[in-house]
Amino acid sequence: MKLREQMPELTGATSWINDEVTKEDLVGDKATLIHFWSVSCHLCKEAMPEVNDLRDEYDDQLNVVAVHMPRSEDDLDMGVIEAMAMGHDITQPIYVDSEHKLTDAFENKYVPAYYVFDKEGQLRHFQAGGNGMPMLRKRINRVLGQE
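Positions within a chain are numbered from 1, following the residues in the order the chain's sequence is written. A pLDDT threshold of at least 70 governs which residues receive local features in this predicted model, and a stricter bar of 80 or more applies before side-chain atom pairs are shown or counted, although totals over entire chains, interfaces and linings include all residues. For the side-chain quantities, the full set of heavy atoms in the structure was used; hydrogens and water were omitted.

Draft legend 1. Examining the overall build of the protein more closely. In DSSP terms, a helix is any run of H or I states spanning at least four residues, a strand is any run of E spanning at least two, and both are numbered starting from the N terminus. Each helix and strand in the protein was counted, giving 5 helices and 6 strands. In the protein, the succession of helices and strands from N to C terminus is β-α-β-α-β-α-β-α-β-β-α. Considered along the principal axes of its C-alpha atoms, the protein spans approximately 40 × 25 × 25 Å. By definition, residues are in contact when any of their heavy atoms lie within 4.5 Å. For the protein, restricting intrachain contacts to residue pairs at least 6 apart in sequence, the fraction spanning at least 24 positions comes to 74%. For the area figures, the Shrake-Rupley method with a 1.4 Å probe applies, and any residue is considered shielded solely by the protein chains shown. About 7200 Å² of surface is accessible on the protein, with carbon and sulfur atoms providing 46% of the total. Charged residues are defined here as Lys and Arg on the positive side and Asp and Glu on the negative side; His and the ends of the chain fall outside this count. A single reference atom marks each charge: NZ on Lys, CZ on Arg, CG on Asp, CD on Glu. Put simply, the protein has 15 plus and 27 minus side-chain charges, and the middle of one group is 9 Å from the middle of the other.

Draft legend 2. Highlighting the sheet that holds strand β4 (residues 94-96). Pairing between two strands requires that DSSP report at least two bridges joining them. One open sheet accounts for 6 strands, arranged β1-β4-β3-β2-β5-β6; its pairing is mixed. Every other strand in the sheet has two partners, leaving β1 (15-17) and β6 (123-128) as the edge strands with one partner each. Between one strand axis and the next, the sheet turns through 20 degrees on average, direction left out of account. Each axis is a line fitted through C-alpha atoms, taken for helices only over the stretch in contact, and angles between the N-to-C directions span 0 to 180 degrees. In this fold helix α2 (residues 42-57) packs onto β2 (31-37), β3 (62-68) and β5 (113-117), with an angle of close to 165 degrees to the strand it touches most, β2. Where helix α5 (residues 133-143) meets the sheet, it contacts β2, β3, β5 and β6, and its direction lies at approximately 175 degrees from that of β6.

Draft legend 3. Structural context of unusual backbone geometry. Residue P112 is reached from V111 by a cis peptide bond, and omega for that bond is -10 degrees. Inspection of the secondary structure puts P112 in the loop between α4 (101-106) and β5. In this model, R4 sits at a positive phi of 75 degrees, which is unusual for a non-glycine residue. On the secondary structure map, R4 appears in the segment before β1.

That is the geometry; function is a separate question.
See the structure below:
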């Protein structure tokens, strides 16, 4: 995805965990952070507490949606995905993308990956990899108008 592109529709999930949301649910009131992760990704597990902190700290200003992007056949087990979500306090909606439909719509190749959209649903920031959480926080603050 390129900056300023519109958020893709959140359709094609093989399953949802916690709650199901649509693009219409996300655009309009708040900015949105969509983060891609996988149960087999060590960096994703390390970053999850910080993602959860962002979710909790900006609760009234930021939607947070997790997208589980499998990297291998081993990552398709719903029991493992659900257990990891519970074990890592992922209470936000989780789009399970076992067929890579949303992954393809985002043209995403990485986990972890973070996409920050403004209230109008335009992509304002993208980053991938395990470090750089201070930069992600800075970009979220900028989109929220707090910088």
